[in-house]
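Residue-level structure breakdown
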2 protein chains.
Amino acid sequence: MDYSTMCPRYEAAADLLGKKWTGRIIFVLLGGPRRFKDMKEQIPEMSDKMLTDRMKELETLGIVNRHVYPEMPVRIEYELTDKGRDLKPVIQSIQKWGEQWM
Amino acid sequence: MDYSTMCPRYEAAADLLGKKWTGRIIFVLLGGPRRFKDMKEQIPEMSDKMLTDRMKELETLGIVNRHVYPEMPVRIEYELTDKGRDLKPVIQSIQKWGEQWM
DNA sequence: CCGGATCCTAATGGATACTG
DNA sequence: CAGTATCCATTAGGATCCGG
């Protein structure tokens, strides 16, 4: 690992992962596409606003895709992109360290 | 990876790593023990307060040891503990993803 | 040299009510 | 169902000055 290559991309990635709910949202989506209400059910402590904010951020970053199915009522599903799925080992790594040491 | 074991230790670890300067401080310390002024030199954009705050937090969490050498003037060195050194693969993992995708 | 103390601003997190 | 809008509390980050 080289110091000069460590930032700023490291900072951006760590910043995202450090935000509340990011890890848990991605974890849920690793199980497959999910709807807004599914995510609320699986992470009940999270408020609507937090979920909305985070999903918008993840979509903007290209970590999540948002599919709109024009049914009635409309159905919207969120799904990880390749970029998002590639976070799995990262999250596992943090998880492993946390379990062992925190 | 199991959802029930993912939190709260994951959250605590991600929260720490997401704080500004944490990764860079640990990275510098992976190179060996460092003094306060050494760290300031290697991370010149960081204010004294930020370094003080972060070092105190890392020490409290047992990630860094603080050695006081009673010379005149006093010399203080910071060094990673085993817990701290174990963050190396975690930081590398975040770094790798960041390089590839961000 | 190694911080501590103060004060301030910006960003983040959250509760609640409302809407197409 | 899938969000917005509003308002508020908390926290992180930072500038500056002070001291043993």
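Our structure's up above, just so we're on the same page.
These numbers come from a predicted model, not from an experiment.

Here we look at the protein's contact with DNA strand C
Around DNA strand C lies a shell of 16 residues, among which Arg54 of chain A together with Arg35, Thr52, Arg66 and Tyr78 of chain B are the nearest. In DNA strand C, atoms within 4 Å of the protein come from the sugar-phosphate backbone in 72% of cases. One nitrogen or oxygen atom from the side chain of Lys49 of chain A is found 3.3 Å from a base nitrogen belonging to DNA strand C. Arg35 of chain B places a side-chain nitrogen or oxygen 2.8 Å from a phosphate oxygen of DNA strand C. Of all elements in the fold, only helix H5 (48-60) of chain A together with helix H4 (36-42), helix H5 (48-60) and strand E3 (75-80) of chain B reach the threshold of two or more residues within the surface near DNA strand C. The element contributing the most residues to the surface near DNA strand C is H5 of chain B, with four residues.

Observations concerning the packing of helix H3 (residues 22-29) of chain B against H5 of chain B
Residue and element names in this part refer to chain B. Two elements in contact, H3 and H5, have axes whose closest approach is 11 Å; the angle formed by their N-to-C orientations is 70 degrees. Viewed along their axes, H3 and H5 adopt a mutual orientation that is roughly perpendicular. Here H3 contributes Thr22, Ile25 and Leu29 to the contact with H5, which in turn contributes Leu51, Arg54, Met55 and Leu58. For the contact of H3 with H5, the per-class residue count stands at five nonpolar, one polar and one charged.

Concerning the interface of chain A and chain B
In many analyses, interface size is given as the accessible surface area lost on bringing the parts together. In this assembly, 42 residues from chain A lie in contact with 40 residues from chain B. Along the contact surface separating chain A from chain B lie two salt bridges. Here Glu99 of chain B ties to Arg9 of chain A by a salt bridge, and the two come within 3.8 Å at their closest N and O atoms. Taken together, chain A and chain B are joined by six residue pairs in polar contact (both at pLDDT 80 or more). Contributions of two or more residues to the side of chain A that touches chain B are made by helix H1 (3-6), helix H2 (9-18), helix H3 (22-30), helix H6 (82-85) and helix H7 (88-101) of chain A. Broken down by element, the side of chain A that touches chain B gets its largest block of residues, 12 residues, from H7 of chain A. A per-class count over the side of chain A that touches chain B returns 24 nonpolar, nine polar and nine charged.

What counts, and where the lines are drawn
- Residues numbered from 1 in each chain as written.
- Chains lettered and ligands numbered in written order.
- Predicted model: local features only at pLDDT ≥ 70, side-chain atom pairs only at ≥ 80, totals over all residues.
- Heavy atoms only, no water.
- Near = heavy atom within 4 Å.
- Polar contact = N/O pair within 3.5 Å; in protein donor to acceptor, adjacent residues only side chain to side chain.
- Helix = DSSP H or I, 4+ residues; strand = E, 2+ residues; numbered from the N terminus.
- Axes fitted to C-alpha atoms, helices over the stretch in contact; angles between N-to-C directions.
- Parallel < 35°, antiparallel > 145°, perpendicular 65-115°, else oblique.
- Contact = heavy atoms within 4.5 Å.
- Nonpolar A, V, L, I, M, F, W, Y, C, P; charged D, E, K, R; others polar.
- Salt bridge = Lys/Arg side-chain N within 4 Å of Asp/Glu carboxyl O.

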